[in-house]
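Notes for the structure review
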Amino acid sequence: MTDVSPGVPALPDGPALADRSAGAGGPAPADAGGLVLGIDRLTVAYRTADSRRLAIDDVSLSLGRSEILGVVGESGCGKSTLGMTILRLLPPNGRVASGSISLAGYGDLGRLTAEQMRSVRGREIAVIFQDPTTSLNPRLSVGAQLLQVQRAHADGAGATARQLAENAVSKLAEVGLPNPRHAFDRFPHEFSGGMRQRVMIAMALLFEPKMIIADEATSALDVTLEAQILELFLRLRDTHGTAFLFISHDLGVVSQLCDRVAVMYAGRVVEELPGDAVLATPRHPYTQALQAAVPNRRSRGQRLATIGGRVPDVVSSIDACGFAPRCIYAQAVCTASAPELYPEGSARVRCFAYAGSARGLFPASPVTEDWRRRAEQSAVAGSELPTPDPDHPLLQLAGLAVHFGGAKSRFPRGGKPVVRAVDGVSLSLERGRMLGIVGESGSGKTTLGEAVVKLLPATGGTIRFGGRDVTRMSHRETFAFRRRAQMIFQNPYSSLSPRMQVGQQLMEPYEIHRVPGARRRSVEDLLSAVDLPAGVRSAYPSQLSGGQARRVGIARALVLEPDLVVADEPTAGLDASAAASTMNLLTDLRDRMGLTVVLISHNLSLVTTCADEICVMYLGQVVERGDTATVASTPAHPYTKALLALAPDPEHSGRLARRRLLVAGEIPSPDSPPPGCRFHPRCMYAQDVCRQEVPPLVPVAGGDTPGHVAACHFAKELQAGLLAETAAVADAVEPAPS
Amino acid sequence: MSVQATQQVLVGEAGAAPYEPRGMVGFARDVVRRPAGAVAVSLIALLVLAAIFAPLITPYNPDTINVANTLAGPSLRHLLGTDSLGRDNFTRVVFGTRIALEVALPSVLVAFVVGTGLGLAAGYLGGMLDKVLVVVFDSLISFPAVILGLALLSFLGPSVKSVVFVIGLSLMPYYGRLIRAQTLSERKNQYVKAQRSLGASRGRVLRKHILPNVVPPLLVIVSMDIPTAIITEAGLAFLGLGVQPPTPDWGVILDDGFVNIGTSPWEIIGPIVALLIMTTAFTVLGETMRDVLDPRQRLPRRRLFGRKLAALDD
Ligand code: SF4
Ligand code: SF4
């Protein structure tokens with residue numbers, strides 16, 4: 001392999017890149033002066049109790065100044081290890097077996113003393129992790145922590161405290177904290193998740209490092225906040241020339257942000273390609289499979305592709321394509337020798353289908369569609385289903401409210417305001433349909449779901465389930481209701497009893513409801529219904545993978561054959577392929593057994609792909625509701641429109657740098673919703689009337705799309721594309737003060 | 001970069017894996033598989049056997065007085081010599097094991113059962129009951145155990161039963177508090193919610209799901225408390241408030257031995273060694289259980305880890 005071309009970063013051809021950096025007004029990466037980081041034939045191995053595991057297998061990469069290099073792959077592909085190896089922070093059982101990493105101005109990092117390396121960390125290379133809560137000390141103010149980091153480095157001691165504080169405040173301002181001087185004295189818990197992540201970025205910037213390693217830095221954030229942070233990264237790159245190594249599992253995000261992307265599989269780089277090509281023209285079968293597994297505009301109404309099998313544990317460098325066991329194109333040649341990185345257009349692909357010599361062995365070039373087609377074929381034909389009956393919906397909510405605190409609280413005058421988590425939601429859902437509820441965290445969607453299955457008491461309104469009011473059920477009726485309405489919880493591990501074997505847990509519902517033995521299905525049967533092997537029955541939850549635990553959760557929810565299932569973020573924390581197969585499972589259950597599903601998710605692409613109807617929530621209220629196709633094609637609320645715009649789109653990739661963010665700021669606290677339209681502080685179309693009058697939830701488009709309702713004064717104008725952005729928010733690319 | 005952040009990553013990837021809950025049998029097996037656990041368990045088994053088969057181990061009766069041979073030194077016939085009344089010291093120590101276990105095990109067991117029950121109720125049911133129980137636990141704890149014991153024993157009169165009661169009562173509130181805290185944190189877990197959504201009753205959730213999760217950490221403490229109970233028992237006997245002479249009790253023997261320590265130091269050796277063995281065995285067992293439950297808490301490992309980290313940086 002000859003991945004490193006010294007001096008010049010191996011940049012792919014440029015129209016897209018030039019376009020992007022020109023649009024952002026920054027220096028073009030190629031002429032900005034060489035390489036920041038070079039990784040040369042790096043191999044990293046972990047020693048485990050009885051064996052060795054190869055985490056990185058002969059990887060060569062380079063990172064130029066002002067460049068954003070993405071590293072993607074499923075978990076276990078070695079992408080996080082790469083970041084840790086660069087920082088020389090491998091865990092004690094990890095070791096660089098061969099190869100080197102060199103940093104501009106320092107040479108081979110492996111040769112530096114511990115002391116020198118310490119000063120490289122933070123000063124030259126900074127890191128941002130996924131979870132800012134665990135990276136910040138809760139007992140120290142943000143300012144104190146910023147000062148501490150500066151003092152920890154040798155020359156920080158020379159500067160006066162005042163200079164250090166000034167530096168810290170200026171960084172806080174730079175990352176867009178609304179009131180940096182004020183923020184300096186605040187404690188981490190006083191910030192929202194998005195703001196805490198900004199504090200972490202400010203900390204990373206203190207010494208103006210040459211490069212920043214962002215390890216899943218935006219994965220825990222809502223799409224809107226994620227977009228803001230990505231925007232911030234782009235700005236930092238443009239103003240400081242900082243290079244980024246952006247490690248992520250999310251193809252969509254990577255395609256929006258990165259100049260160049262390295263796709264890793266089983267420790268090897270299998271494809272290197274320009275950021276925009278990730279969704280548009282992926283070449284390697286693995287990249288294509290990942291792409292086909294991620295819901296996007298193209299996948300609407302289709303099954304998502306899944307990749308069979310799992311990422312292998314590599315013990316030593318194998319003389320074959322590591323992806324061969326899971327690849328739908330695999331030929332004899334693939335297991336006979338290891339493919340190199342072959343150039344193909346603007347990309348380099350480690351696959352024999354692109355090798356000059358072996359090309360003839362493959363009937364056609366691999367395309368993403370093949371994975372989709374295979375997924376469609378695996379669908380099981382639907383049996384006789386009950387026809388939806390619009391007059392007798394299975395679930396009907398009228399003015400549902402769930403408030404916390406306030407008068408009903410145990411501490412009547414504790415001074416805590418009422419939190420209106422769900423505030424007047426009305427909707428109805430027919431049997432055998434899937435309703436997707438979308439919104440940012442804090443929109444009340446999970447609270448709504450838990451109220452529907454009666455895990456939280458409704459404080460107002462009614463929930464009718466098959467004609468009966470759930471909120472007025474007696475003890476016995478509730479017990480019977482629990483058989484018919486089930487919930488799939490967000491965290492698959494914590495929702496399973498930790499000290500009980502899977503098989504036993506699946507029998508629990510039968511025991512609780514005293515179902516006679518003859519009418520029980522066997523554990524094997526229940527497991528196979530969710531595609532789990534029978535061997536899982538004797539496992540404890542902690543021994544399951546994320547996808548398996550999720551499936552056990554689904555299986556348990558289905559044991560009693562309920563009519564309604566509320567699935568709360570069923571794909572959270574899963575790799576693309578596992579997420580896709582979980583969603584396929586839910587849609588199959590709907591199509592085959594007529595299961596009614598309420599799908600709660602923050603991911604609008606996922607919801608538009610799978611659900612029949614969409615309900616967009618904001619601050620405890622429904623802002624738009626309707627048929628999936630209608631809402632997705634002609635959104636009638638600015639919030640829906642913004643969420644749709646943030647979803648990755650293979651046809652128009654790389655829009656982030658050129659486009660202004662459609663929604664600024666963060667969701668306010670539900671204890672004091674803004675007057676008038678609750679969305680107005682973040683709405684780019686807001687006008688005076690919006691600040692005073694609450695927009696009612698009314699049908700849009702004059703009734704040619706029945707059931708499509710939206711709560712916006714200007715819904716019709718928005719759909720017609722007649723709305724002008726109001727000046728007040730047009731420059732709100734900077735986060736609005738909260 | 002932030003130190004905590006990097007530590008986080010390190011601990012996340014390199015720290016020993018948290019204990020994978022398997023059933024109680026699996027837990028017991030994991031404990032016995034460790035060398036320390038195996039040694040502790042065999043020592044405890046030995047002590048229990050000694051207590052059961054005491055009459056078979058020594059040819060003497062612990063209470064038989066032999067005025068002709070008082071305060072004798074060790075010999076082949078009397079391994080640890082004889083006491084001021086000519087009773088065989090070794091025999092009395094062996095029989096003392098019976099009393100020690102007869103007091104320690106029931107008292108800790110009673111405290112364990114009552115404490116767990118009350119703690120579960122307080123933590124899971126909450127409300128008024130919780131408030132009352134917390135006050136009860138706290139006021140029992142705030143009494144110095146010795147004072148409480150002295151007062152109760154002088155009221156109840158010294159006997160094995162009252163000693164069991166006193167020791168049990170002084171341990172119970174600690175267990176109750178621990179279980180209550182554990183229950184409160186378990187209750188927040190989603191599996192409890194999931195069980196409710198399946199229609200499970202409170203009792204069922206408590207019994208089948210919360211109980212198995214809160215008990216193992218308590219077992220650690222219980223095991224370490226058994227020696228405390230034994231020493232307390234011996235201490236009370238030593239003070240003349242517990243088991244009364246001539247019962248062959250370690251505390252009683254010690255008391256007697258100290259009186260004659262000038263002429264024959266042999267009498268106190270037996271109970272001291274026995275106490276040491278018993279204390280060590282139960283403490284090591286407790287520590288092993290803790291290690292099995294949470295390998296990351298082990299101190300030596302942490303130091304080792306720190307050193308390795310430094311080595312990595314070199
Ligand atoms: S080399 Fe063969 S097995 Fe590997 S990705 Fe290409 S076609 Fe698939
Ligand atoms: S009512 Fe006004 S503020 Fe609210 S969404 Fe519509 S345009 Fe925006």
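Residues numbered from 1 in each chain as written. Chains lettered and ligands numbered in written order. Predicted model: local features only at pLDDT ≥ 70, side-chain atom pairs only at ≥ 80, totals over all residues. Heavy atoms only, no water.

1. Structural notes on the site of ligand 1
Rules: One heavy atom within 4 Å of a molecule or strand is enough for the residue carrying it to be called near that molecule or strand. Throughout, the ten residues Ala, Val, Leu, Ile, Met, Phe, Trp, Tyr, Cys and Pro are labelled nonpolar, Asp, Glu, Lys and Arg are labelled charged, and all others, Gly among them, are labelled polar.
Lining the immediate environment of ligand 1, one finds His284, Pro285, Cys321, Phe323, Ala324, Cys327, Tyr329, Ala330, Cys334, Cys351, Phe352 and Phe362 of chain A. Its residues assigned to classes, the shell around ligand 1 comprises 11 nonpolar, one polar and no charged.

2. Side note on the packing of aromatic side chains
Residues and elements named next belong to chain A. Short version of the rule: Pairing of aromatic side chains requires ring centres within 6.5 Å, counting the rings of Phe and Tyr and the six-membered ring of Trp. Pairs whose planes differ by under 30 degrees are stacked, by over 60 edge-to-face, and all others tilted. Counting from the N terminus, the helices are the DSSP runs of H or I reaching at least four residues and the strands are the DSSP runs of E reaching at least two. Accessible area is worked out with a 1.4 Å probe on protein chains only. A residue is then buried under 20% of its type maximum, exposed over 50%, and partly exposed in between.
Taken as a whole and assessed by the stated rule, the structure comprises 11 aromatic pairs over all chains. When the centroid spacing of 4.9 Å and the interplanar angle of 35° are considered together, the rings of Phe233 and Phe244 count as tilted. Here Phe233, found in helix H9 (residues 223-240), pairs with Phe244, found in strand S8 (residues 243-248); they are 11 residues apart in sequence, far enough to count as distant. The same class applies to Phe233 and to Phe244, which are both buried. Consider the rings of Tyr342 and Phe352, whose centres lie 6.3 Å apart with planes at 40°: the pair is tilted. With Tyr342 in strand S11 (residues 342-344) and Phe352 in the loop between strand S12 (347-349) and helix H14 (368-377), the pair connects residues that are 10 residues apart, well separated along the chain. With a relative accessible area of 15%, Tyr342 lands in the buried category. On the accessibility criterion, Phe352 (7% relative accessible area) is buried.

3. Quick word on the sheet that holds strand S1 (residues 35-47) of chain A
Residue and element names in this part refer to chain A. In plain terms, the rule: When DSSP finds two or more bridges between a pair of strands, those strands are recorded as paired. Any pair of residues with heavy atoms lying within 4.5 Å of one another is described as a contacting pair. Note on geometry: axes are C-alpha line fits, over the in-contact stretch for helices, and angles between N-to-C directions span 0 to 180 degrees.
The four strands lie next to each other as S2-S1-S4-S5, forming an open sheet whose pairing is antiparallel. On the outer flanks of this sheet lie strand S2 (52-64) and strand S5 (107-108), each paired with one strand and no other. Here nine bridges tie S1 to S2, and the two strands are oriented antiparallel to one another. Counterpart to Leu42 in the pairing with S2 is Val59. Here helix H2 (residues 79-86) sits on the sheet in contact with S1, S2 and strand S4 (94-103), set at roughly 115° to S1.

4. Structural notes on the packing of helix H6 (residues 161-174) of chain A against helix H8 (residues 193-205) of chain A
Residue and element names in this part refer to chain A. Cut-off, in case you're wondering: Our angle categories are set so that under 35 degrees counts as roughly parallel, over 145 as roughly antiparallel, 65 to 115 as roughly perpendicular, and the remainder as oblique. We call a crossing left-handed when the near helix sits turned anticlockwise from the far one by less than a right angle, and right-handed when that turn is clockwise.
Look at H6 against H8: their axes get within 9 Å of each other, and the N-to-C directions meet at 130°. Compared by their axis directions, H6 and H8 come out oblique. For the pair H6 and H8, the sense of crossing is right-handed. Residue-level contacts link Lys171, Leu172 and Glu174 of H6 to Val199, Ala202 and Leu205 of H8. Residue composition of the contact of H6 with H8, grouped by class: four nonpolar, no polar and two charged.

5. A look at the nonpolar core
Nonpolar side chains tend toward joint burial in soluble globular proteins. Rule in force here: The definition of a nonpolar core used throughout is a set of buried Ala, Val, Leu, Ile, Met, Phe, Trp, Tyr and Cys residues joined through side-chain atoms within 4.5 Å.
Residues Phe233 and Phe246 of chain A are the most contacted members of the largest nonpolar core, which totals 196 residues. When residues no more than four places from it in sequence are discounted, the contact partners of Phe233 of chain A are Ile128, Ile201, Ala214, Ala217, Phe244, Phe246 and Leu257 of chain A. Core analysis: the second largest hydrophobic core is formed by 63 residues, Leu153, Tyr191, Val205 and Ile210 of chain B among them.

6. Digging into a positive patch on the surface
Put simply, the rule is: Like charges are joined within 9 Å and nonpolar side chains (Val, Leu, Ile, Met, Phe, Trp, Tyr) within 5 Å, but only among residues with over 30% relative accessible area and no salt bridge; these make up the patches. Note on areas: Shrake-Rupley, 1.4 Å probe, and residue coverage restricted to the protein chains presented here. Note on definitions: salt bridges are taken to be side-chain nitrogens of Lys or Arg within 4 Å of carboxyl oxygens of Asp or Glu. In this tally Asp and Glu are treated as negative and Lys and Arg as positive; neither His nor the chain ends contributes. Charged side chains are reduced to one point each, which is NZ for Lys, CZ for Arg, CG for Asp and CD for Glu.
On the surface, Arg187, Lys188, Arg196 and Arg202 of chain B cluster together into a patch of positive charge. Relative to the helices and strands, Lys188 of chain B resides in the loop between helix H8 (160-187) and helix H9 (190-198).

7. Here's the deal with the environment of Gln130 of chain A
Residue and element names in this part refer to chain A. Here Gln130 is to be found in the loop between strand S6 (125-128) and helix H4 (132-135). Here the alpha-carbon distance between Gln130 and Ile68, two residues 62 residues apart in the chain, equals 18 Å. In this view, Gln130 contacts Gln197, Asp215, Glu216, Ala217, Ser219 and Ala220; residues no more than four positions away in its chain are not counted.

8. Focus: the sheet that holds strand S17 (residues 468-469) of chain A
Residue and element names in this part refer to chain A. One open sheet holds the four strands; their spatial order is S14-S13-S16-S17, and the pairing between them is antiparallel. The sheet terminates laterally at strand S14 (419-429) and S17, the two strands that pair on one side only. The sheet contact formed by strand S16 (residues 460-465) and S17 spans two bridges and is antiparallel. Counted as the bridge partner of Arg464 is Asp469 from S17. Sitting on the sheet, helix H15 (residues 445-452) touches strand S13 (395-404), S14 and S16, and the angle it makes with S13 is about 115°.

9. A short note on the confidence of the model for chain B
When pLDDT drops low, the exact placement of atoms in the prediction is not to be read closely. Residues and elements named next belong to chain B. Stated formally: The predictor attaches a confidence to each residue, and that confidence, scored 0 to 100, is pLDDT.
Looking at chain B, pLDDT values average 77 and 85% of them are 70 or higher. pLDDT under 50 marks residues 1-19. Its contacts with residues more than four places away, or in other chains, come to 44 contacts. Contacts for the low-pLDDT stretch residues 296-314, under 50 throughout, to residues beyond four places or in other chains number 23 contacts. For this predicted complex, the interface score ipTM comes out at 0.73, while the overall pTM is 0.79.

10. Focus on unusual backbone geometry
Its identity is not glycine, yet Asp58 of chain A carries a phi of approximately 60°, on the positive side. By the element assignment, Asp58 of chain A lies in strand S2.

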